[in-house]
Amino acid sequence: MTGQVRTVDGRVAGRRGQATRQKLLDCLREMLDTSPYRDVKVIDVARMAGTSPATFYQYFQDVESAILEIANDMAKDGARLKALTEDQGWTGKGGYAAAEALVDGFLDFWREYEPILRVVDLASAEGDKRFYKVRQSILNAVTTGLTEAIEEVHTKGKSADEVAPNAMAGTLVAMLAAVSGHQKGFETWKIKMKDVRPALSTLVYMGITGKKPPR
């Protein structure tokens with residue numbers, strides 16, 4: 001952890017307090033792996049962390065505010081997705097490899113943070129602006145990176161420019177997020193993720209370059 005960690009009433013937490021707070025967050029995240037977030041109670045998180053509900057309330061107003069802390073940390077890690085759009089040569093075999101790396105990045109990110117993203121998506125759909133902001137901070141950054149990549153390809157005359165770069169970028173990012181969040185669903189359709197991966201990579205490559213990927 002970096003920077004000062006404060007309690008709900010504004011006091012700066014000491015080293016032990018910071019460790020306790022982090023343990024509460026770790027236990028909460030572990031519980032979200034197996035339970036719907038509305039079923040998670042403060043007393044259960046506190047008990048798992050070996051402390052009391054009163055201690056929980058020193059650091060968080062409620063379970064949702066604690067989840068938001070985890071979500072904000074996740075959003076910071078989401079910068080790695082935007083990094084996958086930067087300094088890439090998007091044409092030819094190297095471009096297809098870059099598309100594959102971006103697809104893998106999304107799939108891995110969603111697998112790693114699936115319980116938290118599930119809460120973020122649900123709360124965002126219900127109009128919670130705090131969680132909506134988290135979701136948008138992740139996706140907007142990638143959309144910006146892809147927009148710049150598509151504009152660069154257009155500038156070099158290596159792609160048709162009938163579609164606005166930002167519209168294409170936003171569409172690709174929405175597709176990547178939706179498919180990444182549906183990985184378990186593909187199994188029920190008897191579709192293997194190893195087959196979804198090249199399908200996604202092909203669509204990303206074609207969206208950026210306007211061409212079929214090299215074989």
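Residues numbered from 1 in each chain as written. Predicted model: local features only at pLDDT ≥ 70, side-chain atom pairs only at ≥ 80, totals over all residues. Heavy atoms only, no water.

### Description of unusual backbone geometry
Unlike most non-glycine residues, Asp-87 shows phi in positive territory, near 55 degrees. With respect to the element layout, Asp-87 can be found in the loop between helix H5 (79-83) and helix H6 (92-112). One non-glycine residue, Lys-190, lies in the positive phi region at around 60 degrees. For Lys-190, the location among the structural elements is in the loop between helix H10 (183-188) and helix H11 (193-209). Residue classification places Lys-190 among the exposed residues on the basis of a relative accessible area of 79%. (Helix = DSSP H or I, 4+ residues; strand = E, 2+ residues; numbered from the N terminus. Buried < 20%, exposed > 50% of the residue type's maximum accessible area, 1.4 Å probe, protein only.)

### Here we look at the pattern of salt bridges
Enumeration over the complete set of coordinates arrives at 14 salt bridges. The closest approach of N and O atoms between Arg-47 and Asp-44, which form a salt bridge, is 3.3 Å. Taken together, the residues span about one helical turn, with Arg-47 and Asp-44 both in helix H2 (residues 42-49) at a distance of three residues. Residue classification places Arg-47 among the exposed residues on the basis of a relative accessible area of 55%. (Salt bridge = Lys/Arg side-chain N within 4 Å of Asp/Glu carboxyl O.)

### A few points about the environment of Pro-36
Within the secondary structure layout, Pro-36 lies in the loop between helix H1 (15-32) and H2. Its relative accessible area of 47% is what places Pro-36 among the partly exposed residues.

### Notes on the UniProt feature "DNA-binding region" (unreviewed entry) in the chain
Here the UniProt-annotated "DNA-binding region" (unreviewed entry) positions come out as residues 41-60. Spanning residues 41-60, this segment combines 75% helix with 0% strand, and its end C-alpha atoms are found 13 Å apart. (UniProt positions renumbered as here; feature names shortened; annotations may be inferred.)

### Things to note about the UniProt feature "domain: HTH tetR-type" (unreviewed entry) in the chain
UniProt's feature table lists "domain: HTH tetR-type" (unreviewed entry) at residues 18-78, given in the numbering used throughout. Spanning residues 18-78, this segment combines 74% helix with 0% strand, and its end C-alpha atoms are found 24 Å apart.

### Observations regarding H11
If you check H11, its first and last C-alpha atoms are 24 Å apart, about what 17 residues at 1.5 Å a residue would give, namely 24 Å. Every buried residue of H11 is accounted for by Met-193, Val-196, Leu-200, Ser-201, Thr-202, Val-204, Tyr-205, Gly-207, Ile-208 and Thr-209. Buried residues along H11 sit in contact with H6, helix H8 (129-155), helix H9 (165-180) and H10. Backbone geometry just after H11 places Gly-210 at a positive phi near 75 degrees. (Expected span 1.5 Å × (residues − 1). Contact = heavy atoms within 4.5 Å.)

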